[in-house]
Amino acid sequence: MKTLKEKTGPYLYLVPCLLIFGIFLFYPFFKTIYLSLFKTNKMGQAKLFVGLGNYIDLLKSPSFYNSLSVTVIFVVIVVVGSMLIGLVGAVLCNKAFPGIRIFSTAYALPMAIASSSAAMIFKIILHPSVGIMNKILGVSINWVSDPRYALVCVAVLTAWLNSGINFLYFSAGLGNIDESIYERASVDGASSVQQFFSLTLPGLSPIMFYTLVVNIIQAFQSFGQVKILTQGGPGESTNLMVYSIYRDAFFNYRFGSAAAQSVVLFLIVMVLTLVMFKLEKKGVKY
């Protein structure tokens, strides 16, 4: 029979990992839920228990619903844009041709750029007087200060930033598709477009599902580019939920409300993820 040391020994190796998770993941998570049930002082200390009061206030707040709708629009633009850019880049670089490494590096480059750095560069590009965007288009638009364009600008930047890792995912997926099926399809007279929709996309469906889940989660967590480009404005046109949480906590010192919004955001992402995993079997072909 195994001794107690032999039985418990392997589990001791998990202790450092569990400690790190406990300190940096589980403790903040449960602390957030705890704070969401209280009114706090300016130091973020729980002072008055209000139960679900913070959540009820959120449901009565027009600003919360605006933030929610803005976030949904932002996530849709980012996910569709980043996946489309990554997929197109991967398909174009799937064939060997001179200079392919340069193109592959260019498509994958966004994943190596910090969102804050990209936002600073993007802010200069979109500057109303010296920005290259207005020079190219021959217009005079204050892109990040106009409610009609601000959200789209932030979303396009985020989509480009996320496209680099998507390019790598799709490139790996394309490499796993058997080339012989394309040869047989060509012999049967299938065009390139037919091969793409009938062979490539079904073959990429597992990677596409994984990429979709990851991109949605990342899009909901976008913060740096909003902070640098628009600060949630103009008005509340780019006031994403993550930025609303930041503003409530560190500008308005309403830590209880910010914690409640954090819990709501967590529940939204969790429900979306569970729904996608439920639908996985219908659209994913392994």
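Just so it is clear, the model here is predicted, and its values are computed rather than measured.

**Student:** What is the right way to look at the side chain of Asp248 in this model?
**Tutor:** With respect to the secondary-structure elements, Asp248 resides in helix H12 (residues 241–250). Other than its neighbours up to four places away in sequence, Asp248 contacts Tyr253, Arg254, Ser257, Ala258 and Gln261.

**Student:** Can you walk me through the packing of aromatic side chains in this structure?
**Tutor:** Each aromatic ring pair is described using two quantities: the centre-to-centre distance and the angle formed by the ring planes. Under the criterion given, the structure shown has 17 aromatic pairs. On the basis of an interplanar angle of 70° and a centroid distance of 5.2 Å, the ring pair of Phe29 and Phe30 is categorised as edge-to-face. Put simply, the rings of Phe223, Tyr243, Tyr246, Phe250, Phe251 and Phe255 pair up and form one aromatic cluster.

**Student:** Would you explain helix H6 (residues 115–125) in this entry?
**Tutor:** For an α-helix, 3.6 residues make a turn, and residues three or four places apart therefore share a direction. Inspection of H6 places Ala118, Ala119 and Phe122 among the buried residues, and these make up the whole buried set. Viewed end-on, H6 has its buried residues packed into an arc of 100°, placing them on one side of the element. The exposed residues of H6 that point more than 90 degrees off its buried face are Ile121 and Ile124.

**Student:** What is the right way to read the layout of surface pockets from this model?
**Tutor:** Empty space among the atoms becomes visible once a probe the size of a water molecule is rolled across them. When its volume is computed, the largest pocket comes out at roughly 510 Å³. In terms of lining, the largest pocket is formed by 18 residues, of which the most central are Thr32, Ile245, Ala258, Ser262 and Leu265. Residue assignment for the lining of the largest pocket shows that the elements contributing at least two residues are helix H2 (15–35), helix H10 (192–220), H12 and helix H13 (255–283). The element best represented in the lining of the largest pocket is H13, accounting for seven residues. Here the residues of the lining of the largest pocket sort into 13 nonpolar, four polar and one charged.

Procedures and definitions
- Residues numbered from 1 in each chain as written.
- Predicted model: local features only at pLDDT ≥ 70, side-chain atom pairs only at ≥ 80, totals over all residues.
- Heavy atoms only, no water.
- Helix = DSSP H or I, 4+ residues; strand = E, 2+ residues; numbered from the N terminus.
- Contact = heavy atoms within 4.5 Å.
- Phe/Tyr/Trp six-rings, centres within 6.5 Å; stacked < 30°, edge-to-face > 60°.
- Buried < 20%, exposed > 50% of the residue type's maximum accessible area, 1.4 Å probe, protein only.
- Arc of directions from axis to C-beta.
- 1 Å grid on protein atoms, 1.4 Å probe; cavity = no way out; pocket = protein on both sides within 12 Å on 5 of 7 lines; lining within 4 Å.
- Points joined across faces, edges and corners; volume = space filled by probe spheres on them.
- Nonpolar A, V, L, I, M, F, W, Y, C, P; charged D, E, K, R; others polar.

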